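Summary of structural features
Okay, here's what each chain looks like letter by letter:
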Amino acid sequence: MLHRRTALGLIAGTFTASNLKRARAASGDPLKIVALESLSGPGSEQNHLFSSGVRYGVMKMNEAGGFNGQPVQFAEYDTGGTTTGAAEKMRTALADGCNVVLHGSSSATGGQITEDVRKFNLRNPTKRVLFLGTGTEALELTGEKCQYYFFRFATNAQIRVRALVSAMKDVGALGTKVFSINQNYAWGKDVEAAVVELAPANGYVVVDKIIHDMFKVQDFSPYVARIAASGADTVFCGNSGNDITYLVKAIRSAGLKVNFGAAFLDLPGTLAAAGDAAEGYFEAERWNREAFGDWGVRLWADYAARIGSEPSGNEIKSVLAMAFLQQALATVPQGGAISADRIAAAMEATTYKLPTGDVTMRAADHQALFPIVVARVQKGAKYGADGTDLGFVPVRVIPGTAAANPVQAACRMEHPT
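Predicted model, so just to flag it, every value in this text is computed and none were measured.

Here we look at the sheet that holds strand β12 (residues 357–361)
The 3 strands lie next to each other as β11-β12-β13, forming an open sheet whose pairing is antiparallel. At either end of the open sheet lies a strand with only one pairing partner, and these are β11 (351–354) and β13 (368–369). Pairing between β11 and β12: 4 bridges, direction antiparallel. From the neighbouring strand, tyrosine 352 faces β12, where its bridge partner is valine 359.

Structure (C-alpha cells):
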C-alpha cells in the first residue's frame, strides 16, 4: 500500500490545503456522480471496467476533501447493453438527483445519453447535469450532436488515424498502398472516412476498403485474401473484440506480411487471443504505461492496491477523465446548490498535465485534446500486456493539438450567457 501522502499526490489536480479548508467551511449539496454502463450481458466483462475507473476517481476526490463540503457520492446503473436500457436508467439517475454522468462503452448509448441530458437540461435549467464520455468515439457526438453539457474525454476516428499515419510514416511503416477494414457501425465508418481523407497528404492510396457485419464474422480468411489481392502493404482497422483477433490470426495463418494500424489492441483479452500474430502492429491511445514513466508506475500500483487489480485501458480512460474533472472542481466556488454551468466553465479553462503533455478542453466542441501515444506491439517490452510476453512500446507521442481533427461544421454549440 502506498503511503497516504504519496497516494494523495498521485493524480495531478488534488486539492491544496487552502482548498481543503475552504471545502470544509462551505456547506452545500453533495455532488452525485453516476457511471451508466453495460454491467450485464454481452461485453460487460470489459464495459464494467469504465465504471471501476470512475469509482477510483471518486475515492481520490473524497480523499482530497470531496466537494461542496460533502463527500462526493457515487452510483452505477446497468444499461443492459441497449439504448432502451440506457434511456430507462438515465431517467432513474436523473430522478435520483445525479449531477455528472459518465459513460464509455458504446457510442450508440452515448448518443442516447447526450440527447436525454440535452432535453432534461432544457426543461430543468436550475438542475442541469453534465455528461462525460470516456470511450464514446463516434464523430457525431462532437458534430451534429454536440452540446454544451457534453464533454468527450475519448478520442475519435480522425484523432486516432491521424496519429497512426503520422507516427507510422515517421518510422517507415506506412507504405503507399492502404487497405481499410472496419465494423459496420458509426465508429467503423468514421475510421474508414478518416483513412480515405488523410491519404492525399500522406503519400498513400486506399486500394480497397471493407465494412463488415459486427461480431458476426467467424472466418476472416476471405477478407485476408482480398487484402492480399489488393497489393496493400498497410492495413488500418478500427475493429474491437473478436473482430480484431480473428482478423489478426487470419493474416498470420495466410503468411501475409503487412503493416497494421489499430485502435483497440489493448482491450482485455485481445493480445492474449491474438498472440504473436499481433507483434509489430501499431496502436494509438491516450495512455501508455511506459510513456507515463514513474507517474504511471505509481498510478498502476495505487489503483491495484485500492481496486484489487491493475487497471486496463478502459479503466485508465475513466481515471484520467475523473482526474481532469477533479482539477476543474478545485476552481469552482463551493457552497449551496451544484451548478453544472460553473463546472462546465471550469472544465473549459482547465489544463491537466500528463507525463506525455498537456490535456485541454476545446471550447468550440468540448473535445478533450489529449497527447496521443503511438506504440508498437513487441516482445520484451518493459511492461507485458494481457498476461503475455508482448507489450506496447511507445514510438511517438503526438501532441493533442497536432492529433486533433478540426471542429466539425455540424457542431453549433451554444454557450450559456
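Points about the environment of alanine 173
With respect to the helices and strands, alanine 173 occurs in the loop between α6 (157–170) and β6 (177–183). Sequence spacing of alanine 173 and alanine 346 is 173 residues, and the spatial spacing of their C-alpha atoms is 41 Å. If near-sequence neighbours (up to four positions away) are discounted, alanine 173 is found in contact with Met168, Thr234, Asn259 and Phe282.

Comments concerning the pattern of salt bridges
Applying the stated rule across the entire model yields 18 salt bridges. Between glutamate 140 and lysine 145 there is a salt bridge, with its nearest N and O atoms 3.6 Å apart. Assessed through its relative accessible area of 25%, glutamate 140 is described here as partly exposed. Taking relative accessible area as the criterion, lysine 145 reaches 31% and is therefore assigned partly exposed. Across the salt bridge formed by aspartate 208 and arginine 226, the nearest N and O atoms sit 2.8 Å from each other. Of this pair, aspartate 208 sits in strand β7 (residues 205–212) while arginine 226 sits in helix α9 (residues 221–230), and the two are 18 residues apart along the sequence. Given the relative accessible area of 37%, arginine 226 is considered partly exposed. Salt bridges here are not isolated pairs; linked through shared partners, they connect Glu137, Arg160, Glu285, Arg286 and Lys317.

About the thresholds
- Residues numbered from 1 in each chain as written.
- Predicted model: local features only at pLDDT ≥ 70, side-chain atom pairs only at ≥ 80, totals over all residues.
- Heavy atoms only, no water.
- Pairing = 2+ DSSP bridges.
- Helix = DSSP H or I, 4+ residues; strand = E, 2+ residues; numbered from the N terminus.
- Contact = heavy atoms within 4.5 Å.
- Salt bridge = Lys/Arg side-chain N within 4 Å of Asp/Glu carboxyl O.
- Buried < 20%, exposed > 50% of the residue type's maximum accessible area, 1.4 Å probe, protein only.

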